[in-house]
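# Chains, contacts and geometry: an overview
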Amino acid sequence: MAVATDLRPAQVRATAVDSRYRRGAGRWLVLAAAVLVGLAVLAPFGIMLLNAFKSPQDYAANGPLSLPSGLYLDGVVAFWERTEFPVKLWNSVFISAVVAVLGALLSLLNAYAIGIGRVKGRLWIIALFLLANMLPQEALIYPLFTMAQSVGLSNSQWSVIIIFTVIQSAFGTYLLSSVLGTFPPALLEAAALDGASRWRILWQVVFPIVRPTLSVLMIFFFIWTWNEFFIPLVMLTSNDTQTIPIALASLQGDRMMDAPTINAGSLVSLVPAVLFFLIFQRTLTRGVTAGAVK
Amino acid sequence: MADTVLTERRSRADARPRASRGTRRRRPQWVGYLPYLLPGAVAFGVVIGYPLLTNVYFSLFKWRGGMAPLRWNGLGNYVDLLGDDKFWTSFGNSLAMIVAMVLVPTLLGLVLAAVLFDYLGRRFGERVSSVLRATYYLPQILPVAVAGVLWNWILNSQTGALNVILRGIGIETPPNWLGDPSTALPSVMLVLIWVQLGYPVVIFMAALQRVDPELYEAAELDGAGWWDRFRAITVPQIRPETFVVTLTCTVAALKVFGPIYVLTRGGPESSTLVPSYYSYLNFFDKSQVGYGSAIATVLTLVIVAVALIILGLQNRAERREREGV
């Protein structure tokens, strides 16, 4: 925050300097180049929007760049019914939400011991967590697959929830430990003097203060779990347990998939992620930076 | 810094006449926090530690999976890997993934972030630069499987948008982008650049916020052009973030699975095969679990080694910088 207020006057000054010294056409060229990159990024989305509501005949006759001649909803309907979209949507929401809550809880407990408890060997513990975060899921999947089978969790969403709770909390522990490492000791001492137990200090002193960080973590965990592909692909084998990305990908080989169905399906599948992003954009951008600065 | 706080807290706590029970006093404070690590320790043991070791164990056997018997093979699977062309192809393609997910996005992202922050942001206002930044970031927020399915259709040789457009402007036989071994890998790389570009831009722009603007002003007054400032100020100032981006993206590039699965399934003729997909293929398609485990183990070792190298380089760069000052 302090940085932002420092920046302002300097930038105003810089703008004044710029307008005095630079009026060339160069800046328009640079803007055009940056906008061109932006258009290249947006192009696939545009093509998707143009073709999601276009009939196959219209597509065959006029190609992908024309505006649809009429509103054709069969693609959306076909995708919606073929994938039983409401079921998939609920599965994705359920798995991601439970992982977000449990992952944040586990991160908090770990980070409380590491950041505030300063347990011995904490650097090694954090290194282990970071390592866990980097492991390829392929190196875990087959044992996890057989373990899930042996405890009756094959094709169960709970197997996916347990796995992602742990994987996400590896990052959460790392981030939250460094946040709690700078926790004001005076607060803790005051609480300890009042005779509060560690458990009460955690929930009544630490938790309220780190709640903003926890909410960023939960948004992260939700989106990351939502977008996960490999582990749900292996663990969730039937229609009633699968998530949206798996449902969309499994339609791919289908010969009945025409252009509008694919585009409508992609559109419908990315709407929840985009909505979620727009709602939490501010919290998120803060979170992205929090993750970047060590 | 952290340690001074710690000792301070301890000494103050010791100086305080505490009505603690005798047993408590001898134990160091941190021991009381160990129960809070217990759930995490158990969960990590079960979900990460045990499976990781079991995977290495599986890699020492020939096993068709399920109820089939495990037959001891020693290091046989690893010896087979050395002579397996597909294995080498898959790791060769990992280099292409690093170019597409690390090299190009980081370099391009660095330039774009600097242009947005220090050129366009000042000349056209912050609104323009933040809209452009959000645009670049858009592909990052959608599920990678969705991006893959969309691109798979766009690049489809018969009905895909790209080839329909190309035929429309008179190119009779446009390339079969994902179906031809010579164009499949470059096509996949382009998709990955598209997916990845926004991440470094966002991180670098955040990093530039903390660079002292007076550095730029002073340089500008001294007559330094944009390129001079970029080289002498921007790049060195945001080196820590560059390392973080390089590390996370390199690990992601070595692990890449989803885009390959939805775009090409490693084909055609293994031209886009990557280690993660190759191990998946052995696990669940060819029922060669031991061999798949060996690939996954090698991939794990490569990732850890690469990560350690990058962290080592980062430490050295930091040390050199401190000595330089």
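Conventions used here
- Residues numbered from 1 in each chain as written.
- Chains lettered and ligands numbered in written order.
- Predicted model: local features only at pLDDT ≥ 70, side-chain atom pairs only at ≥ 80, totals over all residues.
- Core = buried A, V, L, I, M, F, W, Y, C linked by C-beta atoms within 7 Å.
- Buried ≥ 20, exposed ≤ 12 C-beta atoms within 10 Å, placed from the backbone.
- Helix = DSSP H or I, 4+ residues; strand = E, 2+ residues; numbered from the N terminus.
- Contact = placed C-beta atoms within 7 Å.
- pLDDT = per-residue confidence, 0-100.
- Expected span 1.5 Å × (residues − 1).
- Arc of directions from axis to C-beta.
- Domains from an automatic or database assignment.
- Nonpolar A, V, L, I, M, F, W, Y, C, P; charged D, E, K, R; others polar.
- Axes fitted to C-alpha atoms, helices over the stretch in contact; angles between N-to-C directions.
- Parallel < 35°, antiparallel > 145°, perpendicular 65-115°, else oblique.
- Left-handed = near helix turned anticlockwise from the far one by under 90°.

Moving on, we get to the nonpolar core. Across soluble globular proteins, you tend to see nonpolar side chains buried next to one another. In terms of nonpolar packing, the biggest core is built from 153 residues, with Tyr112(A), Ala113(B), Leu116(B), Val149(B), Val201(B), Phe204(B) and Met205(B) touching the most fellow members. Of all the elements, helix α5 (residues 85-124) of chain B adds the most residues to this core, at 14 residues. In this view, Val201(B) contacts Gly109(B), Leu112(B), Ala113(B), Arg133(B), Tyr136(B) and Tyr137(B); residues no more than four positions away in its chain are not counted.

It is worth spelling out the confidence of the model for chain B at this point. Here chain B shows a mean pLDDT of 87. Residues at 70 or above account for 92%. Residue range residues 1-24 of chain B is modelled with pLDDT below 50. Its contacts to residues more than four positions away, or to other chains, number 5 contacts.

Residues and elements named next belong to chain B. With 16 residues, helix α9 (residues 181-196) should reach 22 Å at 1.5 Å per residue; the first-to-last C-alpha distance of 23 Å fits that figure. All of the buried residues in α9 are Ala184, Ser187, Val188, Val191, Leu192, Val195 and Gln196. When α9 is viewed along its axis, its buried side chains cluster within an angular range of 165° and face the same direction.

Before going further, it helps to spend a moment on the domain arrangement of chain A. For interface size, the figure often reported is the accessible area lost on association. All names here are of chain A. What the domain assignment reports for chain A is domain 1 (24-72) and domain 2 (78-292). Computed over C-alpha atoms only, the centres of domain 1 and domain 2 are separated by 34 Å. If you look at the interface, domain 1 gives 8 residues, while domain 2 gives 7 residues. Of all elements in the fold, only α2 (26-52) and α3 (56-62) reach the threshold of two or more residues within the side of domain 1 that touches domain 2. Counting residues per element, the side of domain 1 that touches domain 2 draws most heavily on α2, at 3 residues. For the side of domain 1 that touches domain 2, the class distribution of residues is 5 nonpolar, 2 polar and 1 charged.

Once that is clear, we can look at the environment of Ser156(A). Residues and elements named next belong to chain A. As for its placement among the helices and strands, Ser156 is situated in the loop between α7 (138-150) and α8 (157-180). Judged by C-beta crowding, with 15 C-beta atoms within 10 Å, Ser156 ranks as partly exposed. Taking C-alpha positions, Ser156 is 25 Å from Leu217, a pair spaced 61 residues apart along the chain.

Here we come to the packing of α2(A) against helix α6 (residues 126-141) of chain B. The contact between α2(A) and α6(B) brings their axes to 9 Å, and the two run at 30°. What the angle tells us is that α2(A) and α6(B) run roughly parallel. Crossing angle aside, the handedness with which α2(A) passes α6(B) is left-handed. Of the residues in α6(B), those touching α2(A) at Ala34(A), Gly38(A), Val41(A) and Leu42(A) are Leu132(B), Thr135(B), Tyr136(B), Leu138(B) and Pro139(B). In terms of residue class, the contact of α2(A) with α6(B) is made up of 7 nonpolar, 2 polar and no charged.

Turning our attention to unusual backbone geometry. Cis rather than trans, the peptide bond between Gly267(B) and Pro268(B) has omega equal to -15°. Counting through the fold element by element, Pro268(B) comes out in the loop between α14 (258-263) and α15 (275-284). Unusually for a residue other than glycine, Glu84(A) sits at a positive phi of about 50°. Mapped onto the elements of the fold, Glu84(A) is located in the loop between α4 (74-82) and α5 (85-116). Within the chain, Ser270(B) stands out as a residue other than glycine whose phi angle is a positive 60°. Mapping Ser270(B) onto the fold places it in the loop between α14 and α15.

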